[in-house]
Amino acid sequence: MKIIEGDFATPKGRFAIVAGRFNAFVVEPLVEGARDALVRHGVKEDAIDLIRVPGAFEIPQAAYKIAGSGKYAAVLGLGAVIRGSTPHFDYVAGEAAKGLGQAAYASGVPVSFGVLTTDSIEQAIERAGTKAGNKGVDAAMVAIEMVNLYAKLGK
Ligand SMILES: Nc1c(NC[C@H](O)[C@H](O)[C@H](O)CO)[nH]c(=O)[nH]c1=O
Ligand SMILES: CC(=O)[C@@H](O)COP(=O)(O)O
């Protein structure tokens, strides 16, 4: 059986980080974690673009457009949706996840999901570089692996 999988060698191409401004106090650590992970794996700083959008609902809209541009090897969607007291959370979080997936399917470009969807601010802080890791780092590692997988699979 032949196993084909991505690795964490330095990937070729440019990377786009699409970040929501909403809940910036936890999104900014996600952005820095993603940037740091990409650079530590050999991606040049000038090969990374940061695109900011108002909130998580808008992340897939921009990701769809950016992935379809053909200018990037991968797109990272970073944001933080923190549950409030109405069902709004479900719609925003759901659209972010669904839309980022659609951006990947439609463009053939890897799009990683680094949007926190938490029930509390504490949960978000824990996943933005404290006791439960950094989802921005995770999204960067997934992007690197998928870019290298796609390189092995060929166009
Ligand atoms: N409540 C959160 C939002 N809400 C804003 C939406 O994402 C969107 O910008 C607005 O509905 C206008 O279209 N966004 C987050 O990223 N996180 C939240 O917790
Ligand atoms: C995820 C949200 O949209 C949330 O922050 C909104 O809070 P609320 O449901 O109390 O309006």
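Computed from a predicted model, the values in this text were never measured in an experiment.

Further remarks concern the packing of helix α2 (residues 59-67) against helix α3 (residues 88-107). Describing two packed helices takes the angle between their axes plus the distance from one axis to the other. For the pair α2 and α3, the least separation of the axes is 8 Å and the interaxial angle reads 10°. Looking at the two axes, α2 sits roughly parallel to α3. Residue-level inspection shows Ile59, Pro60, Ala63, Tyr64 and Ala67 of α2 in contact with α3, the latter providing Glu95, Ala96, Gly99, Leu100, Gln102, Ala103, Ala106 and Ser107. Tallied by class, the residues present in the contact of α2 with α3 amount to nine nonpolar, three polar and one charged.

Residues annotated by UniProt as "binding site: (2S)-2-hydroxy-3-oxobutyl phosphate" (unreviewed entry) correspond here to Ser85, Thr86 and Arg127. A stretch of 43 residues holds the annotated residues, and the largest C-alpha distance among them is 22.8 Å, long enough that they do not meet in one place. Its place among the elements puts Ser85 in the loop between β3 (74-82) and α3. According to the relative accessible area criterion, Ser85 is exposed, its value standing at 79%. Mapped onto the elements, Arg127 comes out in the loop between α4 (121-126) and β5 (128-130). The exposure class assigned to Arg127 is partly exposed, which follows from its relative accessible area of 27%. When sequence neighbours within four positions are dropped, the list of residues in contact with Arg127 reads Leu30, Leu116, Thr118, Ala132, Gly133, Asn134 and Lys135. Here Gln123 takes part through its backbone oxygen, which lies 3.0 Å from a polar atom of the side chain of Arg127.

About the thresholds
Residues numbered from 1 in each chain as written. Chains lettered and ligands numbered in written order. Predicted model: local features only at pLDDT ≥ 70, side-chain atom pairs only at ≥ 80, totals over all residues. Heavy atoms only, no water. Axes fitted to C-alpha atoms, helices over the stretch in contact; angles between N-to-C directions. Helix = DSSP H or I, 4+ residues; strand = E, 2+ residues; numbered from the N terminus. Parallel < 35°, antiparallel > 145°, perpendicular 65-115°, else oblique. Contact = heavy atoms within 4.5 Å. Nonpolar A, V, L, I, M, F, W, Y, C, P; charged D, E, K, R; others polar. UniProt positions renumbered as here; feature names shortened; annotations may be inferred. Buried < 20%, exposed > 50% of the residue type's maximum accessible area, 1.4 Å probe, protein only. Polar contact = N/O pair within 3.5 Å; in protein donor to acceptor, adjacent residues only side chain to side chain.

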